[in-house]
Amino acid sequence: MKALVIGSGAREHALTAALSADPGVTSVHAAPGNPGIAAEAETHPVDVSSPVAVADLAVALSADLVVIGPEAPLVAGAADAVRDRGLVCFGPSAAAARLEGSKAFAKQVMAAAGVPTADSAVCVGKEEAAAALDRFGPPYVVKDDGLAAGKGVVVTDDREDALTHAAACERAVVEEYLSGPEVSLFAVCDGETALPLAAAQDFKRLGDDDRGPNTGGMGAYSPLPWVPATLTDDVFESVVAPTLAEMRRRGTPFTGLLYVGLALTPGGPRVVEFNARFGDPETQVVLPRLRTPLGGLLHAGAIGGLAGAGPLEWSPDAAVTVVLAAPGYPGAPRTGGELLGVAAAAAVPGARVLHAGTTQGDDGSLRSAGGRVLSVVGRGADLAAARATAYDAIGRITLDGGQFRADIAAHAAGDAPVAP
Ligand code: AMP
Ligand code: GLY
């Protein structure tokens, strides 16, 4: 099987690595990829925002399986374009990707399906937003209805800040604050049947102790020793199955990865958000633990063949990933800094470096080219070991002004944060 991965982040690097490890996959291509992906797969240029360009490339390569990583091409219809050309694609149609593309749509589906989530109101303009903010009270949660690359959500006690954000959105979803630890649960879906992947937790805030602004994610770990053993079954019953049924009922079945972001509130798990693709950075720690070959699994998902595919097999190992971000991230990242020590980090036993925003300079140097630059994934017998490996490795990398959190998985591993 020839696989093609669309995207250029650390998630796509993790997908490429896992597909390469599948004995049923003969070659992995990626587009556009990045320097780390290019070391493991053949990369091709592509305009990811153009569904036609994505489909043309898949046809030119005669790909047997196309996996679309990011949300923007899915929302734009890349999976439809690939399937229209008769090829197999793991990823939802544009209509089904609205579960991520519009928070208001996701709320409608959840309401119709009886899925537990925060009460919410869709608001246009300051007046409607003000009324909704006062109805729910602080802490205020205001979300841009549309795709916002992880920057559309404001959670604040400051009513003025909440109002300002709502006013800046064309449509805003104002909702009730959900308290409790967050868990990311992935479901591989074929429209009808869904299989759970191992749960993970990500760290969305820039700074240690969850301080600072929201980011695309600064680290993650899996497994989660502290969650109830029944969580996955409960969430499949209360969230995933009814959501898939509702999407079928609407004539837009969901095929691909349904990312369920949960808050474990005192009243039980409730959905914070849906995404229509693999989460990043969670994928970096979930896929290395999956023993079931990924290519076969995603192919089965894409062709409606999951009914006979489970259960999945998992390594008992733990994985921890730590993201290295550029100076100025997430506001205005400064790029172009030289990365040193990447090979030394990759040589640490149990560590793997995944590239995101990197570029190879003309002089052969590796430089930062994005807000989240790279990640280091550590694997070990338990979280403490995986964490020690990840921090040992990332400590060997230098990037002027580079930022990473010192406390990824610290609490779950039962250790103190590592000094950066
Ligand atoms: P999202 O982009 O929807 O994942 O939101 C980003 C982050 O904002 C989430 O991971 C939560 O930490 C926080 N958040 C979103 N919705 C809520 C909510 N209703 N209550 C509390 N926190 C929330
Ligand atoms: N980890 C959050 C996301 O992928 O959106």
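Here, the structure is the one placed above.
Residues numbered from 1 in each chain as written. Chains lettered and ligands numbered in written order. Predicted model: local features only at pLDDT ≥ 70, side-chain atom pairs only at ≥ 80, totals over all residues. Heavy atoms only, no water.

**Q** Help me understand the overall build of the chain, please; the structure alone is not making it clear to me.
**A** The helix and strand tally for the chain stands at 15 helices and 23 strands. Relative to a compact globule of 420 residues, whose C-alpha radius of gyration would be 22 Å, the chain shows 20 Å and is just as compact. Looking at the chain as a whole, 56% of its 420 residues qualify as buried. Summarising the internal contacts of the chain: among those between residues at least 6 apart in sequence, 69% fall at separations of at least 24. Accessible surface for the chain amounts to roughly 16,000 Å². Of this, 52% is attributable to carbon and sulfur atoms. (Helix = DSSP H or I, 4+ residues; strand = E, 2+ residues; numbered from the N terminus. Rg over C-alpha atoms; globule rule 2.2 N^0.38 Å. Buried < 20%, exposed > 50% of the residue type's maximum accessible area, 1.4 Å probe, protein only. Contact = heavy atoms within 4.5 Å. Areas by Shrake-Rupley, 256 points an atom, 1.4 Å probe, with all protein chains shown as cover.)

**Q** Quick question: what am I supposed to make of the site of ligand 2 here?
**A** All residues adjacent to ligand 2 are D202, K204, Y259, N275, R277, G279, D280 and E282. Take D202: an N or O atom from its side chain is 2.7 Å from a nitrogen atom of ligand 2. With respect to ligand 2, the side chain of N275 contributes an N or O atom lying 3.2 Å from an oxygen atom. Isolated, ligand 2 exposes 190 Å² of accessible area, and the fraction of that covered by the protein chains is 89%. Here the shell around ligand 2 is composed, by residue class, of one nonpolar, two polar and five charged. (Near = heavy atom within 4 Å. Polar contact = N/O pair within 3.5 Å; in protein donor to acceptor, adjacent residues only side chain to side chain. Nonpolar A, V, L, I, M, F, W, Y, C, P; charged D, E, K, R; others polar.)

**Q** Just to check I follow, could you spell out a negative patch on the surface for this structure?
**A** A grouping of D157, D158, E160 and D161 is seen on the molecular surface, where their side chains present a negatively charged patch. Following the sequence through the fold, D158 ends up in the loop between β8 (153-156) and α9 (159-168). (Patch = residues over 30% accessible without salt bridge, like charges linked within 9 Å, V, L, I, M, F, W, Y side chains within 5 Å. Salt bridge = Lys/Arg side-chain N within 4 Å of Asp/Glu carboxyl O. Lys, Arg positive; Asp, Glu negative; His and termini not counted. Charge placed at Lys NZ, Arg CZ, Asp CG, Glu CD.)

**Q** Would you take a moment to explain the packing of aromatic side chains for this structure?
**A** Two measures describe an aromatic ring pair: the distance that separates the ring centres and the angle between the ring planes. For the structure shown, the criterion picks out five aromatic pairs. On the basis of an interplanar angle of 45° and a centroid distance of 6.3 Å, the ring pair of F90 and F278 is categorised as tilted. Here F90 is found in strand β5 (residues 89-90), whereas its partner F278 is found in the loop between β17 (268-275) and α11 (282-286), with 188 residues between them in sequence. By relative accessible area, which is 3% here, F278 ends up buried. Ring centres of F186 and Y259 lie 5.4 Å apart, and the angle between their planes is 35°; on these two criteria the pair is classed as tilted. Note that F186 is positioned in strand β10 (residues 182-190) and Y259 in strand β16 (residues 255-265), a separation of 73 residues in sequence. (Phe/Tyr/Trp six-rings, centres within 6.5 Å; stacked < 30°, edge-to-face > 60°.)

**Q** Explain the site of ligand 1 here, please?
**A** Taken together, 14 residues sit near ligand 1, with E175, L178, E182, K204 and E273 positioned nearest. For ligand 1, a nitrogen atom lies 3.0 Å from a polar atom in the side chain of K143. Compared with its free state, where it exposes 470 Å², ligand 1 has 90% of that area covered by protein. Of all elements in the fold, only β7 (140-144), β8 and β17 reach the threshold of two or more residues within the shell around ligand 1. Grouping the amino acids of the shell around ligand 1 by side-chain chemistry returns seven nonpolar, no polar and seven charged.

**Q** Would you mind showing me how to read the state of the cysteines here?
**A** Cysteine pairs can be linked by a disulfide, which is a covalent bond between their two sulfur atoms. Scanning the entire structure with this criterion turns up zero disulfides. Sulfur of C89: no disulfide; nearest cysteine sulfur belongs to C189 and is 14 Å away. In this structure C89 comes out as buried when scored by relative accessible area, which is 1%. (Disulfide = S-S within 2.5 Å.)

**Q** What is the right way to read the environment of V286 from this model?
**A** Tracing the backbone shows V286 in helix α11. The exposure class of V286 is buried, given its relative accessible area of 1%. As for V286 and F186, which are separated by 100 residues in sequence, their C-alpha atoms are 9.2 Å apart. The contacts of V286, once residues within four sequence positions are left out, are F186, L197, A198, A200 and W314.

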